[in-house]
Amino acid sequence: LDPIDGTKGFLRNEQYAVALALIVKGEVVLGLLGCPNLPNADGSIGAVFGAELAHGAFSVAADDVRTTIRVTDIARASAASFCESVESGHSSHSDSERIAARLGVTQPPIRMDSQCKYAAIARGDASIYLRMPTSATYQEKIWDHAAGWLMVKEAGGEVTDVSGAVLNFSLGRTLSANRGVVATNGRIHAEVLSAVSEVLSGA
């Protein structure tokens, strides 16, 4: 449970989430995100997102209608828009800029706090979420990713670390076996990971 995921976003009255995940024997089987300030396509504000392992993902907005959500179907990263953290201390903006340039992405990044970024990928608002490592020693916390990870996966997308490894939620409070996070609509994941690898290796 993360009762206020994106504390600085909450304080700015911008994006934050209430995040809850159920992990059974190291496997995320249920995820819920409450995103009170996230805009919807119909002009309303706020939505609840849910996902259950092998049962898909959904959203419920102000109209109380449950809607199945899916990632975008774009097949080339150059057509994508991407999300990243507002705080440069959470994700390297300079690395993200270089990755976007290599991919030919021309749309400016959507910067927001919290796991609302995962929700945005899951319902097709964007196609790439980059959380690039800011230090060699930092370990991501499981409560910052578990619910959103399942949301994107169940909406048809892919989530790995920057090397392409599956996120391992079985090792305690942190993703100690992983470094950074890359979430996409799935179809462009290999292309994005290739650009991430080139940038991180200094190629």
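Above this note sits the structure.
Chains are numbered independently. Their residues run from 1 in the order of the written sequence. Whole-chain, interface and lining totals are the exception, using all residues; otherwise, since this is a predicted model, local features are given only for residues with pLDDT of at least 70 and side-chain atom pairs are given and counted only at 80 or more. Processing note: side-chain calculations cover all non-hydrogen atoms of the structure and skip hydrogens and water entirely.

### Some words on the overall build of the chain
(1) Moving on: Strands are runs of DSSP state E lasting at least 2 residues, helices are runs of H or I lasting at least 4, and numbering of each runs from the N terminus. Helices and strands together make up the secondary structure of the chain, namely five helices and 11 strands.
(2) Moving on: The reference for a compact globule is 2.2 Å times residues^0.38; the radius of gyration itself is calculated from the C-alpha atoms. The C-alpha radius of gyration computed for the chain amounts to 15 Å, which stays within 12% of the reference 17 Å derived for 203 residues, consistent with globular compactness.
(3) Moving on: Expressed as a percentage of the 203 residues in the chain, the buried residues total 50%.
(4) Moving on: Residue contacts are defined here by distance: any two heavy atoms, one from each residue, within 4.5 Å place the two residues in contact. Long-range contacts, defined as pairs at least 24 residues apart, comprise 62% of the intrachain contacts of the chain with a sequence gap of at least 6.
(5) Moving on: Under the convention used here, a 1.4 Å probe and the Shrake-Rupley method define accessible areas, while residue burial counts only the protein chains that appear. For the chain, the accessible area works out to roughly 9200 Å², and carbon and sulfur atoms hold 53% of it. For the exposure calls, accessible area comes from a 1.4 Å probe over protein chains only, and a residue counts as buried if that area is under 20% of its type's maximum, exposed if over 50%, partly exposed in between.

### Quick word on the layout of surface pockets
(1) Moving on: By volume, the second largest pocket amounts to about 200 Å³.
(2) Moving on: Definitions used for this entry: grid spacing 1 Å over protein atoms alone; cavity, a set of points where a 1.4 Å probe fits but cannot get out; pocket, an open set with protein on both sides within 12 Å along at least 5 of 7 lines; lining residue, one with an atom within 4 Å of a point. Taken together, 14 residues form the lining of the second largest pocket, with Asn40, Ser59, Ala61, Thr67 and Arg123 sitting closest to its centre.
(3) Moving on: Mapped by element, the contributors of at least two residues to the lining of the second largest pocket are strand 5 (56-60) and strand 6 (66-68).
(4) Moving on: Gly falls in the polar group here, along with every residue not listed as nonpolar (Ala, Val, Leu, Ile, Met, Phe, Trp, Tyr, Cys, Pro) or charged (Asp, Glu, Lys, Arg). Tallied by class, the residues present in the lining of the second largest pocket amount to five nonpolar, four polar and five charged. Grid points are joined across faces, edges and corners, and a volume is the space filled by probe spheres set on the points.

### With respect to the pairing of strand 3 (residues 27-39)
Here is the key point about a regular strand: its side chains alternate between the two faces of the sheet.
(1) Moving on: Pairing analysis gives seven bridges linking strand 2 (residues 17-24) to strand 3, with the strands arranged antiparallel. When the bridges of strand 3 are listed, Leu22 appears paired with Leu30.
(2) Moving on: Pairing between strands is defined by DSSP: at least two bridges between the two strands are required. Hairpin connection from strand 2 to strand 3: two residues lie between these consecutive antiparallel strands, with Lys25 at a positive phi of about 50°.
(3) Moving on: Judged from the seven bridges that link them, strand 3 and strand 4 (residues 45-52) form a sheet pairing that is antiparallel. Opposite Gly31, over in strand 4, you have Ala51 as the bridge partner.
(4) Moving on: Remark: five residues form the turn of the hairpin made by strand 3 and strand 4, two consecutive strands paired antiparallel; Gly43 in that turn has positive phi of roughly 95°.

### Section: helix 4 (residues 146-154)
(1) Moving on: The element helix 4 is largely enclosed, with a buried count of eight among its nine residues.
(2) Moving on: Listed as buried for helix 4 are Ala146, Ala147, Gly148, Trp149, Leu150, Met151, Val152 and Glu154.
(3) Moving on: Backbone geometry just downstream of helix 4 places Gly156 in the positive-phi region, at approximately 100°.

### Quick word on the nonpolar core
(1) Moving on: With 36 residues, the main nonpolar core has Leu33, Cys35, Phe49, Val159 and Phe169 as its most contacted residues.
(2) Moving on: Listing elements by their share of this core, those giving two or more residues are strand 2, strand 3, strand 4, helix 3 (116-122), helix 4 and strand 11 (181-184).
(3) Moving on: If near-sequence neighbours (up to four positions away) are discounted, Leu33 is found in contact with Ala17, Val18, Ala19, Ala47, Val48, Phe49, Gln115, Ala119, Ala147, Gly148 and Met151. For the purposes of this section, nonpolar cores are sets of buried Ala, Val, Leu, Ile, Met, Phe, Trp, Tyr and Cys residues that join through side-chain atoms within 4.5 Å.

### Notes on a nonpolar patch on the surface
(1) Moving on: Like charges are joined within 9 Å and nonpolar side chains (Val, Leu, Ile, Met, Phe, Trp, Tyr) within 5 Å, but only among residues with over 30% relative accessible area and no salt bridge; these make up the patches. The rule for a salt bridge is simple: a side-chain nitrogen of Lys or Arg has to be within 4 Å of a carboxyl oxygen of Asp or Glu. Together, Leu1, Val18, Leu20 and Leu32 make up a nonpolar patch on the protein surface, roughly 350 Å² of accessible area in all.
(2) Moving on: In this structure, Leu32 sits in strand 3.
(3) Moving on: The exposure class of Leu32 is partly exposed, given its relative accessible area of 33%.

### What to know about the sheet that holds strand 2
(1) Moving on: The strand order across the open sheet built from six strands is 1-2-3-4-5-6, with neighbouring strands paired in antiparallel fashion. Looking along the sheet, the strands with just one partner apiece sit at the ends: strand 1 (2-5) and strand 6. This sheet shows a mean twist of 25° between the axes of neighbouring strands, independent of strand direction.
(2) Moving on: Relative to strand 6, strand 5 runs antiparallel, the two being bridged by three bridges. Its bridge partner lying in strand 6, Val60 is registered against Arg66.
(3) Moving on: Between N-to-C directions, angles span 0 to 180 degrees; the directions come from axes that are lines fitted to C-alpha atoms, helices contributing only their stretch in contact. Across the sheet, helix 4 is in contact with strand 2, strand 3, strand 4 and strand 5; its angle to strand 3 comes to roughly 95°.

The quantities given are spatial measurements derived from coordinates; they are silent on function.
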